[in-house]
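Take a look at the letters that make up each chain.
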Amino acid sequence: DVLDPDRLIQCPYNKHHRIRACRFPYHLVKCRKSYPEVAKELATCPFNARHLVPQADLSDHITKCNDKGFIEQDIVNQSSGFQREQMNAVSTWQAPPCDEDWETESLEQSDSPFVW
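About the thresholds
Residues numbered from 1 in each chain as written. Predicted model: local features only at pLDDT ≥ 70, side-chain atom pairs only at ≥ 80, totals over all residues. Heavy atoms only, no water. Helix = DSSP H or I, 4+ residues; strand = E, 2+ residues; numbered from the N terminus. Buried < 20%, exposed > 50% of the residue type's maximum accessible area, 1.4 Å probe, protein only. Contact = heavy atoms within 4.5 Å. Areas by Shrake-Rupley, 256 points an atom, 1.4 Å probe, with all protein chains shown as cover. Core = buried A, V, L, I, M, F, W, Y, C linked by side-chain atoms within 4.5 Å. Salt bridge = Lys/Arg side-chain N within 4 Å of Asp/Glu carboxyl O. UniProt positions renumbered as here; feature names shortened; annotations may be inferred. Lys, Arg positive; Asp, Glu negative; His and termini not counted. Patch = residues over 30% accessible without salt bridge, like charges linked within 9 Å, V, L, I, M, F, W, Y side chains within 5 Å. Charge placed at Lys NZ, Arg CZ, Asp CG, Glu CD. Arc of directions from axis to C-beta.

If you look the protein chain up in an unreviewed UniProt entry, it shows as GTSF1 factor from Ciconia maguari.

Now the structure itself:
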């Protein structure tokens, strides 16, 4: 099951490491520091930071990545929801009444000198 937090995932830095899915992001950070030479050769998927693939294979991975569909669907949902909100939004905002009269205040204060 893809959503099982206890399923084992193979580490892209060391093939002998098998990590539970719920701990995988933390392991990636740790292993990246331990294997800097391998880290230079891997690229991160733009749709899921848990996907680390060889740089030469990144474009192929991007076209086939399962998480790409989730991101695209989120973008479609957000844009259509935003357009609906804009169409339905009618502003009812009104400026509050203003009791200030700056001209009168400036005349009252003109005889007192400005002090820094």
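And the narrative resumes.
Student: Help me understand the overall build of the protein chain in this model?
Tutor: If you tally the helices and strands in the protein chain, you get five helices and four strands. Helices and strands appear in the protein chain in the N-to-C order β-β-α-α-β-β-α-α-α. Scored against the burial criterion, the 116 residues of the protein chain give a buried share of 19%. Taking the contacts inside the protein chain whose residues are at least 6 apart along the sequence as the reference set, 14% of them involve residues at least 24 apart. On the protein chain, roughly 10000 Å² of surface is accessible, and the fraction owed to carbon and sulfur atoms is 55%.

Student: For this particular structure, what's the right way to read the nonpolar core?
Tutor: The nonpolar side chains of soluble globular proteins are, as a tendency, buried together. Residues Ile9, Cys11, Tyr13, Ile19, Ala21, Phe24, Leu28, Cys31, Leu42 and Leu52 constitute the largest nonpolar core, which totals ten residues. Those residues within four positions of Tyr13 in sequence are excluded, and the remaining contacts are Leu28, Cys31, Arg32, Tyr35, Val38, Ala39, Leu42 and Leu52.

Student: I'm lost on the side chain of His61 in this one. Help?
Tutor: Here His61 shows up in helix H3 (residues 58-64). The contacts of His61, once residues within four sequence positions are left out, are Cys45, His51 and Val53.

Student: Got a minute to help me understand the pattern of salt bridges in this structure?
Tutor: Should their charged atoms come close, side chains of opposite charge can pair. If you walk through the whole model with that rule in mind, you get three salt bridges. Of the charged contacts in the structure, one is a salt bridge between Asp6 and Arg20, with a shortest N-O distance of 3.3 Å. With Asp6 in the segment before strand S1 (8-10) and Arg20 in strand S2 (residues 18-20), the pair connects residues that are 14 residues apart, well separated along the chain. Residue class for Asp6 comes out partly exposed when judged on its relative accessible area of 46%. Assessed through its relative accessible area of 38%, Arg20 is described here as partly exposed.

Student: Quick question: what am I supposed to make of the UniProt feature "domain: CHHC U11-48K-type" (unreviewed entry) in the protein chain here?
Tutor: Taken from the UniProt record, the annotation "domain: CHHC U11-48K-type" (unreviewed entry) applies to residues 8-35 and 42-69. For the annotated span residues 8-35, helix accounts for 39% and strand for 21% of the residues, and the straight-line distance between the end C-alpha atoms is 20 Å. Secondary structure across residues 42-69 comprises 36% helix and 21% strand; the distance between its end C-alpha atoms is 23 Å.

Student: Could you clarify how one ought to interpret the side chain of Asp67 in this entry?
Tutor: Position of Asp67 relative to the elements: it lies in helix H4 (residues 67-88). Notably, Asp67 is buried but unbridged: the nearest opposite-charge side chain belongs to Arg50, and the N-O separation is 8.1 Å. Among all residues touching Asp67, those that are not within four sequence positions of it are Phe47, Asn48 and His51.

Student: Before we go on, may I ask you to explain a negative patch on the surface in this structure?
Tutor: Judged by side-chain charge, Asp99, Glu100, Asp101, Glu103 and Glu105 come together as a negatively charged surface patch. With respect to the secondary-structure elements, Glu100 resides in the loop between H4 and helix H5 (102-109). Given a relative accessible area of 52%, Glu100 falls into the exposed group.

Student: Can you help me understand helix H1 (residues 24-34) in this one?
Tutor: Residue pairs three or four apart in sequence face the same way in an α-helix, which turns once every 3.6 residues. Residues Phe24, His27, Leu28 and Cys31 constitute the buried set of H1. Take H1 and look down its axis: the buried residues cluster within an arc of 105 degrees, on one side only. Seen from the open side of H1, the exposed residues pointing more than 90 degrees away from its buried face are Tyr26, Lys30 and Lys33. Contacts made by the buried residues of H1 are with S1, S2 and strand S4 (52-54).

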